[in-house]
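Analysis of the macromolecular model
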Amino acid sequence: MRRALGAISAAVALTVPWLTIVGATDGLPWLAAAAGLEYQAPAAFRTVSTVWTVLLTGLTVLGASFLLAWAAETAEKDVPQAFAIAVLAVLAVAPEYAVDALYAWNAGVFAGTERGIEAGNLAVANMTGANRILIGIGWAGVALFTVFRRGSSTDPSVENRPGFLSDVVILDREIGLEIVFLLLATLWAFLVPFNGGIDIFDMLFLVGLYVCYIAVILRGEVEPETDHVGVPAYLQRFSKPGRIATVLVLFAYSGAMIFTAVEPFAHGLEHLGESAGIPSFFMIQWIAPLASEAPELIVVVYLVNKARSTAGFNALISSKLNQWTLLIGTLVVVHSLALGEYGVLAFDSKQSAEIWLTAAQSFFAIALLIRFEISVGEAVTLLGLFLSQVLLEFAIIRDIVAVPVSSTDLLLVYTWIYVVLGTALFVSRRRSFGRLLRRTAGTIGDAMPLVGADRTYSADD
């Protein structure tokens, strides 16, 4: 109990400095105004330097991420694990929604102007950057961390195989549902640029797809037999009302801290990068999303370090799924509200290429997981392709190297690389893919009997 309370106190303590600044500069003035009083925060709170802002918000994100992870693990006693992780994923990437929603709103408010056009492009750029980071760094990095971390030799999810970079991370087949839904969203994403922008059909399909996914996992079985240690084990010993209340408080507090801290964290990093001569558009596409994805990556590393690799990958896949469905689908809603009428969130040809590349990367990454495993070599390939594209694009933008293709052409080249590699994997693993589809159909059938059929598996499933 002492260790658990100490860990919770330490995590909360990491958020207190930033909470104090937010309270002094935003909370107290608002309360004073509501009471008809005047209040001005001390100058020390209003003039925090960029470096200190990045440091304090970074610590807040770290502390809140641990609270979020503990809440999700504790909730697994009362709700299906997949649903608990889905809630965790939504809260962890909420700042990314806020940033993209801001750009989509500005695209509607300033529609028809240069600023409005730029805002629409930035909304797509930020969204595609976040999604590619989630796979290129998240999926690949977590696989490598799982294999090479201390204690991996005793992790049942790590299997040592002969050959160079052949060790693999074995994933639970229960994540097959998320993989199939993510594949459907990915295939739809390839079509988005052909409509001239994100429109109502994208919203209906993608948001509807996520609603169906949530409906299925909510009907899943609770898995209370999962053994937890540390803070979740302590919290799960509470009575059910107390446990539920604790989980809700932790979700609410950590979500609020992440939501308030990530935006200044991202903007602080942007300012530091721009002062170092990095183009602002490049910062918005890569550095800001990297900051907004930080809570998710921290949570996943925490889960993997506890030898819960499947839960970690499930969180990453769930994050990718809700960004690739809810995030894209709701952008047109925000844009239309700002516009005052229905309107397509338009973007230029460069952003069309960005969407195709992001969909292609997702297609390739899904192909890697068809057999519910990912090898060190596959993770290195995923990471290498991501990093090489980002670095080459940066070199082209900054005229560091002379290449015979433009930045947009480079995106299309990498798109084809991902598509070719992904198609080859789907063809070579077609039997595994067939078993995956049958298993998912059975899962949906069990959750929604009127839609599916009886669930039958062979030993190979």
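For clarity, every value in this text was computed on a predicted model and none was experimentally measured. (Residues numbered from 1 in each chain as written. Predicted model: local features only at pLDDT ≥ 70, side-chain atom pairs only at ≥ 80, totals over all residues. Heavy atoms only, no water.)

Moving on to the overall build of the protein chain. Looking only at helices and strands, the protein chain features 17 helices and five strands. Of all 461 residues assigned to the protein chain, the portion counted as buried reaches 52%. Put simply, of all contacts in the protein chain between residues at least 6 apart along the chain, 80% involve residues at least 24 apart. Only carbon and sulfur atoms are counted for the fraction: they give 66% of the accessible area of the protein chain, which is about 20,100 Å². (Helix = DSSP H or I, 4+ residues; strand = E, 2+ residues; numbered from the N terminus. Buried < 20%, exposed > 50% of the residue type's maximum accessible area, 1.4 Å probe, protein only. Contact = heavy atoms within 4.5 Å. Areas by Shrake-Rupley, 256 points an atom, 1.4 Å probe, with all protein chains shown as cover.)

A word on helix 12 (residues 294–305). Residues spaced three or four apart along an α-helix face the same direction, because each turn holds 3.6 residues. With 12 residues, helix 12 extends 16 Å between its outermost C-alpha atoms, agreeing within 8% with the 16 Å of an ideal straight helix rising 1.5 Å per residue. Summarising burial for helix 12: nine of the 12 residues are buried, a large majority. Along helix 12, the positions that sit buried rather than exposed are Ala294, Pro295, Glu296, Leu297, Val299, Val300, Tyr302, Leu303 and Val304. (Expected span 1.5 Å × (residues − 1).)

Looking now at the packing of helix 15 (residues 376–397) against helix 16 (residues 407–428). Close contact between helix 15 and helix 16 brings their axes to 10 Å; oriented N to C, the two are set at 170°. Judged on the interaxial angle alone, helix 16 and helix 15 are roughly antiparallel. Judged by residue contacts, Leu382, Leu385, Phe386, Ser388, Gln389, Leu392, Glu393 and Ile396 of helix 15 engage Ser407, Leu410, Leu411, Tyr414, Ile417, Tyr418 and Leu421 from helix 16. Here the residues of the contact of helix 15 with helix 16 sort into 11 nonpolar, three polar and one charged. (Axes fitted to C-alpha atoms, helices over the stretch in contact; angles between N-to-C directions. Parallel < 35°, antiparallel > 145°, perpendicular 65-115°, else oblique. Nonpolar A, V, L, I, M, F, W, Y, C, P; charged D, E, K, R; others polar.)

The next thing to look at is a nonpolar patch on the surface. On the surface, a cluster of nonpolar side chains totalling about 480 Å² of accessible area is made up of Ile200, Phe201, Leu204, Tyr342 and Val344. Tracing the backbone shows Ile200 in helix 8 (residues 200–218). What makes Ile200 partly exposed here is its relative accessible area of 33%. (Patch = residues over 30% accessible without salt bridge, like charges linked within 9 Å, V, L, I, M, F, W, Y side chains within 5 Å. Salt bridge = Lys/Arg side-chain N within 4 Å of Asp/Glu carboxyl O.)

Before going further, it helps to examine unusual backbone geometry. Of note in this structure, Leu165 is not a glycine but carries a positive phi near 55°. Along the chain, Leu165 turns up in the loop between strand 1 (158–159) and strand 2 (168–170). The class of Leu165 is partly exposed, set by a relative accessible area of 32%.

Okay, the side chain of Ser432 next. Inspection of the secondary structure assignment puts Ser432 in helix 17 (residues 430–447). Judged by relative accessible area, Ser432 falls into the buried class, the value being 13%. One polar contact links Ser432 to Arg435, side chain to side chain, over a distance of 3.3 Å. Beyond its immediate sequence surroundings of up to four residues, Ser432 is in contact with Ile370 and Arg371. (Polar contact = N/O pair within 3.5 Å; in protein donor to acceptor, adjacent residues only side chain to side chain.)

Here Ile117 is to be found in helix 6 (residues 114–148). Separated by 231 residues in the primary sequence, Ile117 and Asp348 have C-alpha atoms spaced 8.5 Å apart.

This next bit is on the packing of helix 7 (residues 176–189) against helix 14 (residues 349–368). Put simply, helix 7 and helix 14 touch, their axes get as near as 9 Å, and they point 150° apart. As judged from the angle between their axes, helix 7 and helix 14 are roughly antiparallel. The hand of the helix 7/helix 14 crossing is left-handed. Only Ile355, Ala359, Ser362, Phe363 and Ile366 of helix 14 make contact with helix 7, whose side of the interface consists of Ile179, Leu182, Leu183, Thr186 and Ala189. (Left-handed = near helix turned anticlockwise from the far one by under 90°.)

All we've got here are geometric facts, nothing functional implied.
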